[in-house]
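Each chain, letter by letter, is given below.
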Amino acid sequence: MLRSCVCLGRGAKRRSSSLEDTSSCRSSEIERVAKGMETMTVYTKNTSTTKTTTTTTCKLQQEQQQQLLQQSNIGGRNTTASILQFFQSKTWYRYWRKTERSMSMSKAERTLRSALLIQSWYRRYRARMEVRRRYTWNIFTQLEYASENDQVELYNFFNALLTHIPDAAAAYRPSLQKDSEISLDFNEDGEYRSDKNYDGPHIKFPLIKKDVVTLIDLFRKKKSDRLLAKYVGGILKEAAFKLKRLPNLNQASTAISKQITVIGDLHGKLDDLLVIFYKNGLPSVENPYVFNGDFVDRGKKGLEVFLLLLACFLAFPGAVHLNRGNHEDSVMNARYGFIREVQQKYRRNAEKLMIMIDEVYRWLPLGSVVNNRVLIVHGGISDTTDLDMIKSIDRGKYVSILRPPIEMAGEDGIDKTEWKQIFDIMWSDPQPNEGCKPNALRGAGTYFGPDVTKEFLAKYKLKFLVRSHECKPDGHEFTHDGQVITIFSASNYYAVGSNKGAYLKFGPQLDTQFVQYISAASKTTRLTIRQRVSIVESSALRELGVRLRNRRDELEREFSKLDPKNTGAITVAQWSDTMERVMQMGLPWRLMRDRLAPVFSDAQPNMVNYFVTLELLDTDIIVEEAEASTSVTDALYKNKSSLEAIFHIIDKDNSGQISLDEFGDAIDLLRKYMPSAGTKAELMQMCKMMDINKDGFVDLNEFLEAFRLCDQARKNRPSKTKMGRPQNSLRVAEIAESLSSPKHNEPEADIDPRDHVSITLESSSKDGKKK
């Protein structure tokens, strides 16, 4: 119909009154529609009397429509507004419905109605996908924080032992400090057992740009020789020597370069680092960088990322500033994979290389300051953060931040004030609420509010606080009225398509520019929205399944209390409440119910089958995920120096054996710092079980063996499905299959930094708002 209008003809010329002509044309169309409605009404009147109610309704609607038509005869903008109001009304299309099959909709009318239906469907679809994305993100973050909390709780107990049993701590002090006292004078030929068949690149010291390019070319290839161990050791040794000369806070400036780039967490994602260098260029005096910690752990290329950053630090003096993060710590490395990575890549030299890596960790600066106006630290601040104290700390004695040195000068054994300064800037997170409180989720650091930020920045005359430490969906985030900037540079961090990475560029006036990107984009661009969300969701649920498996016995006991007849059916509310009471993770359990506990039967839609939840935890999918993970006990067993330290501290009389009384004193401390560890009676029973030869004492070998057996039992936990219980094998198999990771047929290729998608976002230098 609209095509027949004169104003839309091909030969029509634009006039000054084109708006009025168009409005008049559309009004004529509406008038013809109204006449059609009149005909429809007359036809309806001639039908049987049973249609009286319908006719009356149509009359009322017709009168309302006639009022709109009369208003539409007014020219100018009011006409346009009236027409828009007409089409935006929810009932306008009802006048074209077939009445007694006497009238059909025109093409334009069908098109508009179809468009509205499609729009409504698509919005509902995107809303459902967004709900799934958000609760998946919540699972990942809660799991990450809970895992870190476990680690920190254990080492809080460890340090409490050092504090409350000072005599034993003093006796064992040399072994605690041995890592920092080892000489690093390694002989190129004598100390390293190098491979005579090595066919990789050779580098010379001091390093230059050519060597950095060589390392990039070597590391990005899937099939290539490992860099010779003596070159790895050489880079570590040179870096430790140069880092030792730096202050605790790097001083950076844009006076010469007119810009500086800040990189957040990389976590072993070499592809992201190469994308950054590809887009932003290699470091130079004109293109300086600040790398804000967490270079290793979780990713598969942590060692390559770490070596490449150190090589850039050596090859481009003054252009690369490295900050220490909370994962530059051997205690964290034992839990999150970096030590295992080094052992796999350099089996014969792993122990020596880890000692040298620890030496680099201890001398990494604690933060950086740009133009005396921007503070860059890994975690954040607290209401007690003192930059003057941080500048004066002897950072070299903190080989591990989670396992601090013993200072016998004080009564408490540990200089807690100094230690807290480092802990806070490594582990803290911003919060929207005012004030400052302990970070309960991570178990370390603080939550600091906008008032703390404002007071801190005013005190030190700073403009921005830049930090990392938290994965963000878009790779960056402004908080606290634009004064706190979080930057996270590892894309696809939790799973393929889970998040973007980003880096931050400061201009000469400290105006900000963000560049977002996703590396290995070819893996995600071919996927639909549903496929991307499903991959991330399945990955989150698999990790959650591992944690549920560790609490399986407790879950089964709680479910059984609600189901005394052992039917397997409980209400959705009971299932959700039980899951949260046992796990205490603050997750949206109701949203996950379809994936973890299907409806018991079609006749009982409000009941769920908790048997399926328990049996799912014994499937190969969850078991394999558990075997690939590293528990706290596994990390402790691999880091035997920590276990030996704990043993000797508990052994107060230095007899080489732990008595029940000595173990009881340690249990009192353990339950204070780790309330979830169990009752004292249960823990004492564990001590008796450690006594393998039943002589009433636990020696060091029995102590270490207990940790090994504990973790082995966790990974090889047998299925506990009760005999006689109704099996749900088909349902369980379907859910397990939906949680399995997608199979990629294409072989792993070399890293190509060109394979990415990116976008640049400009921000105001005043308020931090995006443009």
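Use the structure listed above.
Residues numbered from 1 in each chain as written. Predicted model: local features only at pLDDT ≥ 70, side-chain atom pairs only at ≥ 80, totals over all residues. Heavy atoms only, no water.

Novice: Help me out: how do you make sense of the nonpolar core in this one?
Specialist: In summary, soluble globular proteins display a tendency toward joint burial of nonpolar side chains. With 64 residues, the main nonpolar core has Leu 227, Leu 236, Phe 291 and Leu 308 as its most contacted residues. Here the element with the most residues in this core is helix 11 (residues 302-315); it accounts for twelve residues. Not counting residues within four places of it along the chain, the set of residues in contact with Leu 308 comprises Val 212, Leu 215, Ile 216, Phe 219, Leu 270, Leu 273, Leu 274 and Phe 277. Listed in part, the 41 residues of the second largest apolar core include Leu 143, Val 536, Val 608 and Leu 617. (Core = buried A, V, L, I, M, F, W, Y, C linked by side-chain atoms within 4.5 Å. Buried < 20%, exposed > 50% of the residue type's maximum accessible area, 1.4 Å probe, protein only. Helix = DSSP H or I, 4+ residues; strand = E, 2+ residues; numbered from the N terminus. Contact = heavy atoms within 4.5 Å.)

Novice: How should I be thinking about the packing of aromatic side chains in this particular structure?
Specialist: Aromatic ring pairs are reported here in terms of the distance separating the ring centres and the angle at which the planes meet. For the structure shown, the criterion picks out 19 aromatic pairs. Plain terms: the ring middles of Tyr 289 and Phe 291 are 5.5 Å apart, the flat faces sit at 10° to each other, and that makes the pair stacked. No difference in accessibility class separates Tyr 289 from Phe 291, as the two residues are buried. Taking the centre distance of 6.1 Å and the plane angle of 35° together, the rings of Phe 423 and Trp 427 count as tilted. With a gap of four residues between them, Phe 423 and Trp 427 both fall in helix 16 (residues 416-427), about one helical turn apart. Following the ring pairs from residue to residue traces out a cluster consisting of Trp 137, Phe 140, Phe 488, Tyr 493 and Tyr 494. Taking NZ or CZ as reference, Arg 298 lies 4.6 Å from the ring centre of Tyr 336, over its face. (Phe/Tyr/Trp six-rings, centres within 6.5 Å; stacked < 30°, edge-to-face > 60°. Lys NZ or Arg CZ within 6 Å of the ring centre and 35° of its normal.)

Novice: What is the right way to read the pattern of salt bridges from this model?
Specialist: Close approach of charged atoms allows side chains of opposite charge to pair. Summed over the entire model, instances satisfying the criterion amount to 29 salt bridges. Salt-bridge contacts for Glu 304 lead to Lys 345; the nearest nitrogen and oxygen are separated by 2.8 Å. Of the two residues, Glu 304 is situated in helix 11 and Lys 345 in helix 13 (residues 338-345); the sequence distance between them amounts to 41 residues. In this structure, Glu 304 and Lys 345 share a single accessibility class: buried. A salt bridge links Arg 549 to Asp 618; its shortest N-O distance comes to 3.2 Å. (Salt bridge = Lys/Arg side-chain N within 4 Å of Asp/Glu carboxyl O.)

Novice: Explain helix 21 (residues 572-583) here, please?
Specialist: Owing to its 3.6 residues per turn, the α-helix brings residues three or four apart onto one side. Between its first and last C-alpha, helix 21 extends 16 Å over twelve residues, near the 16 Å set by a 1.5 Å rise per residue. Where helix 21 is concerned, the buried positions are Val 572, Trp 575, Ser 576, Thr 578, Met 579, Val 582 and Met 583. With its buried residues spanning 165° around the axis, helix 21 presents them on a single face. Where the residues of helix 21 are buried, they touch helix 19 (529-550), helix 20 (552-562), strand 15 (569-571), helix 22 (589-596), strand 17 (604-609) and helix 23 (610-616). Once helix 21 ends, the next one or two residues include Gln 584, with phi positive near 50°. (Expected span 1.5 Å × (residues − 1). Arc of directions from axis to C-beta.)

Novice: Honestly, helix 10 (residues 270-280) in this entry has me stumped. Any pointers?
Specialist: For helix 10, a buried count of nine out of eleven residues is recorded, marking the element as mostly surrounded by other parts of the structure. Every buried residue belonging to helix 10 is among Leu 270, Asp 271, Asp 272, Leu 273, Leu 274, Val 275, Ile 276, Phe 277 and Asn 280, and all of these are buried. Positive phi appears at Gly 281, one or two residues downstream of helix 10, with a value of about 90°.

Novice: Could you clarify how one ought to interpret unusual backbone geometry in this entry?
Specialist: Glycine aside, negative phi is the norm for most residues, and most peptide bonds take the trans geometry. Backbone torsion omega between Phe 205 and Pro 206 reads 0°, so that peptide bond is classified as cis. For Pro 206, the location among the structural elements is in the loop between helix 7 (178-181) and helix 8 (209-220). One non-glycine residue, Arg 298, lies in positive phi territory at about 75°. For Arg 298, a relative accessible area of 32% puts it in the partly exposed group. We note that Asn 566 has phi near 55°; this positive angle belongs to a residue other than glycine. With respect to the helices and strands, the residue Asn 566 is situated in the loop between helix 20 and strand 15.

Novice: I tried to follow the side chain of Gln 142 on my own but got confused; where do I start?
Specialist: The residue Gln 142 is located in helix 4 (residues 107-164) in this model. Residue Gln 142 is classed as buried on the basis of its relative accessible area, which comes to 16%. Once you skip the residues sitting within four places of it in the chain, Gln 142 turns out to touch Leu 441, Met 585 and Leu 587.

Novice: Can you help me understand the packing of helix 9 (residues 229-243) against helix 11 in this one?
Specialist: In helix packing, the relevant descriptors are the interaxial angle and the interaxial distance, both defined with respect to the helix axes. It is at 10 Å that the axes of helix 9 and helix 11 come closest, and there the two elements cross at 55°. Our classification of the angle between helix 9 and helix 11 gives oblique. Our pair here, helix 9 against helix 11, has a crossing hand that is left-handed. Residues Val 232, Ile 235, Leu 236, Glu 238, Ala 239, Lys 242 and Leu 243 of helix 9 form the contact with helix 11, whose participating residues are Phe 306, Leu 307, Leu 310, Ala 311, Phe 313 and Leu 314. Classifying every residue of the contact of helix 9 with helix 11 by side-chain character gives eleven nonpolar, no polar and two charged. (Axes fitted to C-alpha atoms, helices over the stretch in contact; angles between N-to-C directions. Parallel < 35°, antiparallel > 145°, perpendicular 65-115°, else oblique. Left-handed = near helix turned anticlockwise from the far one by under 90°. Nonpolar A, V, L, I, M, F, W, Y, C, P; charged D, E, K, R; others polar.)

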